[in-house]
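# Results of the structural survey
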Amino acid sequence: MKLLTRTTLYFLAAMVPLLAVGGYLLFYQFSNEINKRVDRELVSEEVQWIRYLQTATAGGSRFILRSPDILIYPVVDNPTLYPQITTTFDKRENDNQQVSFRQLRHVVSVRGVPYQIIIRKSQEQKSALVANVTWIMLIVFMGLFAVMMLFNWLISRKVWQPFRETLQKIRTMELGKMPAVHFDRTATEEFTELNASLNSMTQKIYSDYRSMKEFTENAAHEMQTPLAVAQSKLELLLQDESLGEPQIQTIAQASMALNRLSKLNQSLLLLARIENNQYVAREPVSMAEITRKYLRLFEEIIQDKGLHVHTEFWDNFFIWVHPFLADSLVSNLLGNAIKYNYAGGEIQVSITEKEYCIANTSRLPAIEPEQLFKRFHTAGDTGEPSTGLGLAIVKRIAENHHLQVVYGKEGETHRFCLTKTQDNV
Amino acid sequence: MKVLVIEDEPALRDSIQTYLEQQGFVCEAVADFRSGMEKVRQYQYDCVVVDIGLPFGSGLNIVRELKFMEARSGIIIISAKASLEDKLTGLELGSDDYLTKPFHLSELNARIHAIIRRRNFGGSKAINFHEIRLEPESQAVSVDGKGVELTEKEYQLLEYFIANQRRVLTKAAIATHIWGDEYEQVSNYDFIYTHIKNLRKKLIDAGSGDYIKTVYGTGYRFTDS
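Cut-off values and rules
- One numbering rule holds for all chains: residues counted from 1, following each sequence as written.
- Naming scheme: in the order in which they are written, chains are lettered from A and ligands are numbered from 1.
- At least 70 in pLDDT is required for a residue's local features to be given in this predicted model, at least 80 for side-chain atom pairs to be given and counted, and no such filter applies to totals for whole chains, interfaces and linings, which use all residues.
- Numbering of helices and strands runs from the N terminus; a helix is a DSSP stretch of H or I covering at least four residues, while a strand is a stretch of E covering at least two.
- Buried means a residue has 20 or more other C-beta atoms within 10 Å of its own C-beta, exposed means 12 or fewer, and partly exposed covers the counts in between; C-beta atoms are placed from the backbone.
- Contacts here follow a simple rule: the backbone-placed C-beta atoms of the two residues must lie within 7 Å.
- Nonpolar cores are identified as sets of buried Ala, Val, Leu, Ile, Met, Phe, Trp, Tyr and Cys residues joined via C-beta atoms within 7 Å.
- By definition, two strands form a pair when at least two bridges between them are found by DSSP.
- Axes here refer to lines fitted to C-alpha atoms; in helices the fit is confined to the stretch in contact. Angles between the N-to-C directions go from 0 to 180 degrees.
- Values of pLDDT, ranging from 0 to 100, describe the predictor's confidence in every residue of the model.
- Gly is put with the polar residues, along with every residue not named as nonpolar or charged; the nonpolar set is Ala, Val, Leu, Ile, Met, Phe, Trp, Tyr, Cys and Pro, and the charged set is Asp, Glu, Lys and Arg.
- If an angle is under 35 degrees, it is roughly parallel; if it is over 145, roughly antiparallel; if it lies from 65 to 115, roughly perpendicular; otherwise it is oblique.
- For any helix crossing, the convention is left-handed if the near helix is rotated counterclockwise from the far helix by under a right angle, and right-handed if that rotation is clockwise.

In terms of regular secondary structure, chain B is built from 8 helices and 14 strands. By the burial criterion, 45% of the 225 residues in chain B qualify as buried. By sequence separation, contacts in chain B at least 24 residues apart represent 58% of the contacts at least 6 residues apart.

Here it is in structure tokens:
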């Protein structure tokens, strides 16, 4: 439920008893006024009747009048000092409906004879008044409701506009692009306060995020020099003429492990740099061209393995990406297609305007979706060196450049496809 | 041939100096920007190997100075920064090559050889090793004057072997030299075996000595002893 609808409902709920009390007071006031007027009329009518009685009974005759609304007859009773006016209920003659009456009772002595005078007046108009008051109250209530709703809508459109803008900004916010987002001052103090808090929050998050990224990058970077030292020392040691074969092998193994570590480090550095957006695309890159380059580069290895490469370049697939990252995309995907293939297997590269696909045969089972782009996940026991970062790099590059990587397996064929989400033109 | 190494990390500086001296270079090594500048202003080197991040100044300024002086030395930048921009800046300033740390000493050595040869305008550019002769410009190889047909990779292998003669070369170093860093994404280094086997066979068939020795489980050594 919207905040304004909620407050309006509470407001209306509070209005109901208020209107009821108002209605009751209004009715009470009117009813009193009417009673007073009717009473005055009754009294003046009575005065006329007494005057008439006095003339009519001048000859000593007795007078009796019986009509629905006026009763006058002699009684054996003591005259009362004041007329007694009450509200009574009786049936209406024509339809037997219970109607309230205002009734005056008075015993007066006319020429020594006590007469009972009862005059009554229907108060049908008074029940009409109740209905009227109820109607008015209802109309006021409905009007109030309608006006509230209208204002609600107008206010919500205008006053809440900055709030909605803020919400939209939060929804579309990306960690890497936080500095570009700024929450402006608004005419409403609360929203300004909210936006100011959001600004300081995003700044804090972003600076934390940046320092973390920088740390990763610096750590990886600082590791390169000691790695270089260790690598060079082992290489020198390897040249020592006095070493026997087992020693040389030990050094070579250490050197290989170091090599692996340095590759791993470079991949992590690359990932950190991609995440820090240090590779800015300047022009569209032709994936067909890069693929041809890497097919040439890997030619011997493809031949050694007896792989059959089918290329179907229907069209060219251009993407906005830094050339170094485009190289990384292709070398990782094509490299995997070669590495995890079996001898005599097949590789298919198909390029259309919309899609860039590399498919290869492999005896490996399909990659679990949740493992697919996970860092340091390597495919089983293939005996091939792998950092386990290749696909993570592919995924990261894709995500940073509005590309989508889709993986699928049919039979022995594993297929990776790159497609553009609308933004990468 | 004289080489100057400007590198602030002492252990790495020593390694480079030792390896290059073993390969027959006269190698001087300094640790910072100032002494580097002094050296390049005072002496002539065939090749200067310079790190970018140096105490008291950037190695890139030494490259600028060398270019300003129109020195005939070849220049190789070695840096821990692998970014393409740094590489391009270095090459634009007139550096001949750029190596990212960590690198194989054999790789640095091979590149220094290649640069010095390219810059040796007057003299012969041919590489000789006993009866084997390489013509880098045409990539032609001959044994005792008789031509040998080598593939591009086999030629690169041979050139690399001769530059690093008598040294144990690991498979990783060889693979990186011939196929670049990206071969690792494709295969382990066992595939270089085929290429070395072919090269060896072609050379022996042409009448050369058997210089390529296998260092079991490690790599290869090109040696005449």
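All names here are of chain A. One finds Leu271, Met287, Ala326, Val330, Leu333, Leu334 and Ile397 to be the most contacted residues of the largest nonpolar core, which totals 43 residues. Listing elements by their share of this core, those giving two or more residues are helix H5 (245–275), helix H6 (287–297), helix H8 (323–339), strand S9 (346–351), strand S10 (355–361), helix H10 (390–400) and strand S12 (413–420). Top element by residues in this core is H8. It accounts for 8 residues. When near neighbours in sequence (up to four residues on either side) are disregarded, Ala326 contacts Val285, Met287, Ile290, Ile319 and Val321.

Here we come to the sheet that holds strand S6 (residues 74–79) of chain B. Residue and element names in this part refer to chain B. If you trace the 5 strands from one edge of the open sheet to the other, you get S2-S1-S3-S6-S7, paired in parallel fashion. Single-partner strands in this sheet number two, and they are strand S2 (26–30) and strand S7 (97–100). Going across the sheet, the axis of each strand differs from the next one's by a mean of 20°, ignoring polarity. Across 5 bridges, strand S3 (residues 47–51) lies against S6 in parallel orientation. If you follow Val50 over to S6, its bridge partner there is Ile77. The sheet contacts of helix H1 (residues 10–22) involve strand S1 (2–6), S2 and S3, and relative to S2 the element is tilted by about 170°. Packed on one face of the sheet, helix H3 (residues 59–68) meets S1, S3 and S6 and runs near 155° to S3.

It is worth spelling out the confidence of the model for chain B at this point. In the predicted model, chain B carries a mean pLDDT of 89, and the fraction of residues at 70 or more is 96%. Taken over the whole predicted complex, pTM reads 0.68, whereas the ipTM for its chain interfaces reads 0.87.

On to the sheet that holds strand S4 (residues 98–110) of chain A. Residue and element names in this part refer to chain A. What the 5 strands build is an open sheet, ordered S1-S2-S5-S4-S3; its pairing is antiparallel. Pairing within the sheet leaves two strands with one partner each, and these edge strands are strand S1 (65–66) and strand S3 (84–91). Contacts between helix H1 (residues 3–56) and the sheet are confined to strand S2 (70–74), S3, S4 and strand S5 (113–122), with S4 contributing the most and set at about 40° to the helix.

Of note, the amide linkage connecting Lys101(B) to Pro102(B) takes the cis form, showing an omega dihedral of -5°. Locating Pro102(B) in the fold gives a position in the loop between S7 and helix H5 (105–119). The backbone phi angle of Arg111(A) is positive, close to 50°, even though this residue is not glycine. As for its placement among the helices and strands, Arg111(A) is situated in the loop between S4 and S5. The exposed category is assigned to Arg111(A), around which 10 C-beta atoms lie within 10 Å. The phi dihedral of His402(A) is positive, around 55°, even though this residue is not glycine. Tracing the chain through its elements places His402(A) in the loop between H10 and strand S11 (403–410).

With 36 residues of chain B in contact, the opposing surface of chain A contributes 40 residues. Contributions of two or more residues to the side of chain B that touches chain A are made by H1, H5 and strand S12 (168–170) of chain B. Counting residues per element, the side of chain B that touches chain A draws most heavily on H1(B), which supplies 7 residues. Grouping the constituent residues of the side of chain B that touches chain A by class yields 16 nonpolar, 14 polar and 6 charged.

This brings us to the environment of Leu264(A). Residue and element names in this part refer to chain A. Turning to its location among the elements, Leu264 is positioned in helix H5. Take Leu264: there are 17 C-beta atoms within 10 Å of it, and that puts it in the partly exposed class. Along the sequence, Leu264 and Ser386 sit 122 residues apart, while their C-alpha atoms lie 8.8 Å from each other.

As a further point, take the packing of helix H2 (residues 33–42) of chain B against H3(B). Residue and element names in this part refer to chain B. The N-to-C vectors of H2 and H3 enclose an angle of 15°; their axes lie 10 Å apart at closest approach. When the axis of H2 is compared with that of H3, the two are roughly parallel. Every pair of crossing elements has a handedness; the one defined by H2 and H3 is right-handed. Counted together, Phe33, Gly36, Met37 and Val40 of H2 and Ile62, Glu65 and Leu66 of H3 form the full contact between these two elements. Of the residues belonging to the contact of H2 with H3, the class tally is 5 nonpolar, 1 polar and 1 charged.

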